[in-house]
Amino acid sequence: MPLGIVRNDITKMKVDAIVNAANTTLMGGGGVDGCIHRAAGPKLLIECAKLRGCPTGSAKLTGAYRLPCKYIIHAVGPRWHGGNCNEEALLTSCYKAALQLAKEHNCSSVAFPLISSGAYGYPKDRALKVAIDTIGEFLLENDMDVYIVIFDKNAYRISEKLFADIKEYIDDNYVDKHTDVRIDAMRARSMPRYSCNMPSSDKASYTECAECTVGPDMPFEAMTARQSAKPMVKAFSMPNITALSLDDKLNQLDESFSEMLLRKIDESGMTDAECYKKANIDRKLFSKIRSDKLYKPSKPTVIAFAIALELPIEEVNDMLMKAGFALSHSNKSDIIIEYFIEHGNYNIFEINEALFAFDQSLIGA
Ligand code: AR6
């Protein structure tokens, strides 16, 4: 997945480069800076001392010493002074500088902490938005796996308003549905245990009904399941089913998921690359889908493409059905995705931000 949000200690990330939230002296400090220096060992400080500092909004690169990555990119974010002191531009510039250095050193994977959001006081939701927007824009032009590493999930929040709106939407759709399921089950339990047409007087001595094969002790749920299974038995005995050979049957295949996807990309006027990047899908995976007409995608992959193509909800469902899936109101993540589609927000990175906030898996691949 080109952009992922993960919960971890950045010093444990197995990537080509990790980014440090440093200060202008580059001589170490607290927070993530302290963790990185402790884990990398004292030689890191010796190399940092030779760099003669780094201005706010810029970044410098060193070796990683005892860390499992190849490089550490020391980026200096701004202190938060209320938002009117150029903070957003400086934080954006700091992410851009770090990504540029990673690119120049041929890194294929990089992990970022949420720069400025600790000791420097940048509000976490705003810091996350700057990170996602800047990295997202970079990934539209470049192939790289970038992770935003969230250390303390409890301190992590998308904007209060968005969180509240999504929560309300989930409550309206998810809780009701689950309450309905419970009510249905209660109704089912209170229904009579017999449904065949046998006179009730006969049921006391009844052992097995020849017509519906319902026994007196069979619970209602099992009984309806057996009844609904009956037509399937009939279907198997239909004479024309065997008339076509397997080859003939296979020749009747509908348009596959991959064919549908490529057609929709052409119709949208996007290039393939524009589409898979917007979908947060790795280039190699896209090539596989392109070359294999019968490729079986995962549900998050289908959703990612549907979002990139900005499909309305009915077409999202058509595309999911093509691959054997559906959006379900029994699934929190599906409801969150539906929320964004209904609000016309097809920004996959913002959707992932919300999915992460609600502890759901991200979309893309
Ligand atoms: N892994 C990932 N994220 C972490 C880790 C970790 N091991 N430890 C902390 N964080 P901060 P800043 C998160 O204060 O705000 C230093 O003293 C943390 O939860 O490290 O840019 C420097 O020397 C927070 O969300 O950096 C500077 O003087 C984020 O990393 C100053 O702090 C950034 O918090 C820089 O302040």
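Just above, that's the structure.
Here the structure is a predicted model, which means the values were calculated and not measured.

Q: Quick rundown of the overall build of the protein chain? Include the residues and the values.
A: A tally of helices and strands in the protein chain yields 15 helices and six strands. Looking at the 365 residues of the protein chain, the share that counts as buried comes to 43%. Here the analysis covers contacts within the protein chain between residues at least 6 apart in sequence; of these, 67% occur between residues at least 24 apart. Looking at the protein chain as shown, the accessible area adds up to about 19,400 Å², and 53% of this sits on carbon and sulfur atoms.

Q: Let's hear about the site of the ligand: which residues, and what values?
A: Inspection of the region around the ligand gives 21 residues, with Gly30, Val32, Asp33, Ser117 and Gly118 positioned closest. In this structure, a nitrogen atom belonging to the ligand sits 2.9 Å away from a side-chain N or O atom of aspartate 9. For the ligand, an oxygen atom lies 3.0 Å from a polar atom in the side chain of lysine 124. Compared with its free state, where it exposes 700 Å², the ligand has 89% of that area covered by protein. For the shell around the ligand, the element with the highest residue contribution is helix 1 (residues 31-40), accounting for four residues. Among the residues forming the shell around the ligand, the class breakdown is nine nonpolar, nine polar and three charged.

Q: Residues and numbers for the sheet that holds strand 6 (residues 145-150), please.
A: With mixed pairing, the six strands of this open sheet are ordered in space as 1-6-5-2-4-3. In this open sheet, the two edge strands, each paired with only one partner strand, are strand 1 (3-7) and strand 3 (59-63). Neighbouring strand axes in the sheet, compared pairwise and without regard to direction, differ in orientation by 25° on average. Sheet topology places strand 1 next to strand 6; five bridges connect them, and they run parallel. The residue bridging isoleucine 5 from the neighbouring strand is isoleucine 148, located in strand 6. Docked against the sheet, helix 1 engages strand 2 (17-22) and strand 4 (71-76), running at close to 130° with respect to strand 2.

Q: Quick one: what's the story with the environment of glutamate 310, residue by residue and with numbers?
A: Looking at where glutamate 310 falls in the secondary structure, it is placed in the loop between helix 12 (299-308) and helix 13 (313-322). Separated by 34 residues in the primary sequence, glutamate 310 and glycine 344 place their C-alpha atoms 8.2 Å from one another. Residues within four places of glutamate 310 in sequence aside, it is in contact with Lys278 and Tyr346.

Conventions we followed
- The residue numbering used here restarts from 1 in each chain and proceeds along that chain's sequence as written.
- Restriction of local features to residues with pLDDT of at least 70 applies here, the model being predicted, together with a cutoff of 80 or more for giving and counting side-chain atom pairs; totals for whole chains, interfaces and linings are based on all residues.
- For the side-chain quantities, the full set of heavy atoms in the structure was used; hydrogens and water were omitted.
- Numbering goes from the N terminus for both helices and strands, where a helix is a DSSP run of H or I of at least four residues and a strand is a run of E of at least two.
- Any residue under 20% of the maximum accessible area for its type is buried, any over 50% is exposed, and the rest in between are partly exposed; the area is computed with a 1.4 Å probe on protein chains only.
- We call two residues in contact when some of their heavy atoms are within 4.5 Å.
- A 1.4 Å probe and the Shrake-Rupley method give the accessible areas. Residues count as covered only by the protein chains that appear here.
- Whether a residue is near a molecule or strand depends on its heavy atoms: it is near if one of them lies within 4 Å of it.
- Side-chain atoms alone can form a polar contact between residues adjacent in sequence; in general such a contact is a pair of N or O atoms within 3.5 Å, and within protein one must be able to donate a hydrogen while the other accepts it.
- Polar here means any residue other than Ala, Val, Leu, Ile, Met, Phe, Trp, Tyr, Cys and Pro, which are nonpolar, and Asp, Glu, Lys and Arg, which are charged; Gly is therefore polar.
- Here, any two strands with at least 2 DSSP bridges between them count as paired.
- For helices, the fitted axis covers only the stretch in contact; all axes are lines through C-alpha atoms, and the angles between them, taken along N-to-C directions, range from 0 to 180 degrees.

In short, the description is geometric, and any link to function would need to be established separately.
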